[in-house]
Structure formats: C-alpha cells, structure tokens
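Summary of structural features
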Amino acid sequence: MRLPMIAGNWKMNTTVGEAVELVNEMRKELDTVDGVDKVICPPFVSLAVVRELIKGSSIMLGAQNMYFEEKGAYTGEISPVMLADLCEFVIIGHSERRQYFNETGEIINKKVQAALKVGLKPILCIGERLEENKAGRTKEVVTKQLSSALAKIDSLNGLIIAYEPVWAIGTGRAATGKQANDTIGLIRQTISQKYDKKIAQNLRILYGGSVTAENTAEFMQQPEIDGALVGGASLKANEFLSIVRQTSEIRAR
Ligand code: PEP
C-alpha cells in the first residue's frame, strides 16, 4: 500500500509574513487529517520560520529547488546540506526550472543524486509539453526524462515522482484522470523495467497540473495516482485542506 501524498508548491509567492499567515490558517486542521502525507513547499526565505510553526505536527516541509554542490563559491545558491538541516523534501526538475532556468537532464540528475546523498527526498518532476503531447510523444518524452534524471542512481529509496504535463501547469486545463493514470502507469512500468517490480510498486507517483478541490476526486480515484503536486490551489488554505481531506477519504475506502 502506497501512502498518498499531497504536496503544495507555493512557487515564488508569499513574503515571510504571508507565509506565516497561510500556515497559521491551515496548520491546525491540516494536522488532523490522516492517511495522507501533507507537505508544504514555501520559498527558501520562509523555510526556517515555517519549520518552527509546524514543529510537532504531522505537516512536513519541502524546498522548491537546490543546487547540487555541497558548498563553496556559488553565490546565491542553496545547497542540499543546508536544506537537509531544514526540511525533508525538495522539488527537483520542475518544468518552470527546465524552461526558465535551462535545467537539463544532466543537471537534474546531479541534483537528484545530491539530494539522495544527504537524505533529502526528491520530488522529481517530469512531463511533456503541449506540442509533444499533440504529436503523440508523451511516452517517449517522459521515458527519456526519467532515464536521464535517474542515470547512475541505484537506489530510489526516498524518491517521489510527480508527473506534470507542462500544458496542464497553471493553465486551469488539467489532464483527465484517465490520461494521468495511463501515463503514470507507463512511468511505473518503466521503473519496473529499469529497477524491479517491487521498487516500482512501492514508488509514489503524483499527478500535478491544475489540481483543484473540484477535480481532486477524479485523480484520487485512479489506482496508479498516489497523490498530487499542487501549485496555485495550495496558496488557498481552504482549498488545499479540501484537496487533502478528499484524498484521505477516497483512499481510506
Ligand atoms: C506545480 O506548480 O507543480 C503545479 C502543478 O501548478 P498548478 O497546480 O498551479 O498547475
């Protein structure tokens, strides 16, 4: 049985004060929902304060990115060692990082390796662009992204994958439950071939792309989907809570 996970990616939103406000709005109720891992990923500058606010609760913390070197002359970067001291998860390879910051498969692979080395759990994002989807290249694209991101990695212990079709992120145009389930099934199959069946069966694979309180049930009813990476809707306390609650209820059935 894979425990579902709902992770909120706040992206480049919230000042420290706003992050405190948002956590205070959702903390108490979020803490009471069980049967689902609840992760929030605020911007770097709010990690320390949010960590204090959720201490002793069942809410977990993640970062949105990191550099792959441990320390040194890399002005402005944040290292895996720094994060391991603050949080449990780190989003790696988000399509916005691939698109706006030129993150290649090679860079993402180095980041995944570096995160696993210090005990951080990477939430590795993969997904095809609209033109690739239209050209029927989804399988080819996600398989290629997977194999470059996981090159030279023997153990997937701690790793989580988020299938996020680029055309669904922040567009309000989510994939259908079936589409997401089919592609996640393919990803699991690829992992099974590359590693083994048991590893693939234990691996959590989330869907991400315009998940809201309205469409959550459609995704969570699918057997291959183990939760969601939520962007926009994670910035609204009530909506995020509703997504988490629905996930818990559906998966408990
Ligand atoms: C994301 O940021 O990973 C994401 C899926 O965003 P949104 O839910 O806003 O589409």
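We now turn to the structure provided with this report. (Residues numbered from 1 in each chain as written. Predicted model: local features only at pLDDT ≥ 70, side-chain atom pairs only at ≥ 80, totals over all residues. Heavy atoms only, no water.)

**Description of the overall build of the chain**
Along its length, the chain carries 11 helices and 8 strands. Over its C-alpha trace the chain gives a radius of gyration of 17 Å, about what one expects of a compact globule, namely 18 Å for 253 residues. Taken along its principal axes, the extent of the C-alpha atoms in the chain is 50 × 45 × 35 Å. Looking at the 253 residues of the chain, the share that counts as buried comes to 51%. Partitioning the intrachain contacts of the chain with sequence separation of at least 6 by distance along the chain shows that 72% fall at a separation of at least 24. Total accessible area on the chain is roughly 11,800 Å²; 50% of this is exposed by carbon and sulfur atoms. (Helix = DSSP H or I, 4+ residues; strand = E, 2+ residues; numbered from the N terminus. Rg over C-alpha atoms; globule rule 2.2 N^0.38 Å. Buried < 20%, exposed > 50% of the residue type's maximum accessible area, 1.4 Å probe, protein only. Contact = heavy atoms within 4.5 Å. Areas by Shrake-Rupley, 256 points an atom, 1.4 Å probe, with all protein chains shown as cover.)

**Examining the nonpolar core**
Residues Ile40, Leu150, Ile161 and Tyr207 are the most contacted members of the largest nonpolar core, which totals 64 residues. With near-sequence residues (within four places) excluded, Ile40 lies in contact with Gly8, Trp10, Val23, Met26, Val50, Ile54, Ile59, Met60, Leu61, Gly62 and Phe240. Counting residues in each nonpolar core, the second largest holds 13 residues, with Met5, Val39, Ile91 and Ile160 among its members. (Core = buried A, V, L, I, M, F, W, Y, C linked by side-chain atoms within 4.5 Å.)

**Section: helix α7 (residues 138-149)**
When the terminal C-alpha atoms of α7 are compared, their 16 Å separation across 12 residues agrees well with the 16 Å that a helix rising 1.5 Å per residue should span. Taken residue by residue, α7 has Thr138, Val141, Val142, Gln145, Leu146 and Ala149 as its buried positions. The buried residues of α7 occupy one face: seen down the axis, they fall within an arc of 130 degrees. (Expected span 1.5 Å × (residues − 1). Arc of directions from axis to C-beta.)

**Notes on the packing of aromatic side chains**
One pass over the full model with this rule turns up 4 aromatic pairs. Their ring planes at 15 degrees and their centres at 4.3 Å tell us that Tyr207 and Phe219 sit as a pair that is stacked. Taken together, the positions of Tyr207 in strand β7 (residues 204-208) and Phe219 in helix α10 (residues 216-220) put the pair 12 residues apart, joining distant regions of the chain. The exposure classification of Tyr207 matches that of Phe219, with both residues buried. Put simply, the rings of Tyr67, Phe68 and Tyr74 pair up and form one aromatic cluster. (Phe/Tyr/Trp six-rings, centres within 6.5 Å; stacked < 30°, edge-to-face > 60°.)

**Description of the site of the ligand**
Around the ligand sit 14 residues, and of these Lys11, Glu164, Gly170, Ser210 and Gly231 come closest. Side-chain polar atom of His94 to an oxygen atom of the ligand: 2.8 Å apart, as the coordinates give it. A distance of 2.7 Å separates an oxygen atom of the ligand from a polar side-chain atom of Glu164. Bound to the protein, the ligand loses 96% of the 290 Å² it would expose on its own. (Near = heavy atom within 4 Å. Polar contact = N/O pair within 3.5 Å; in protein donor to acceptor, adjacent residues only side chain to side chain.)

**Some points on the sheet that holds strand β2 (residues 37-41)**
Spatial ordering of the closed barrel is given by β1-β2-β3-β4-β5-β6-β7-β8, a layout of 8 strands whose pairing is parallel. Strand-to-strand, the axes of this sheet are offset by a mean angle of 25 degrees, without reference to chain direction. Pairing of strand β4 (residues 89-92) with strand β5 (residues 121-126) involves 4 bridges; the strand directions are parallel. Paired with Ile92 across the two strands is Leu124, which belongs to β5. Against the sheet, helix α2 (residues 47-54) touches β2 and β3 (59-63), its axis set at about 170 degrees to β3. (Pairing = 2+ DSSP bridges. Axes fitted to C-alpha atoms, helices over the stretch in contact; angles between N-to-C directions.)

**Section: the pattern of salt bridges**
Under the defined criterion, the tally for this structure stands at 17 salt bridges. The partner of Asp226 in a salt bridge is Arg2, with the nearest N and O atoms 2.9 Å apart. Of this pair, Asp226 sits in the loop between α10 and β8 (227-230) while Arg2 sits in the segment before β1 (5-9); the two residues are 224 residues apart in sequence, bridging distant segments of the chain. A salt bridge links Lys121 to Glu88, with the shortest nitrogen-to-oxygen separation between them at 2.9 Å. One end of the pair, Lys121, is in strand β5; the other, Glu88, is in the loop between α3 (80-84) and β4, with 33 residues separating them in the sequence. Among the residues examined, Lys121 registers a relative accessible area of 27% and is labelled partly exposed. (Salt bridge = Lys/Arg side-chain N within 4 Å of Asp/Glu carboxyl O.)

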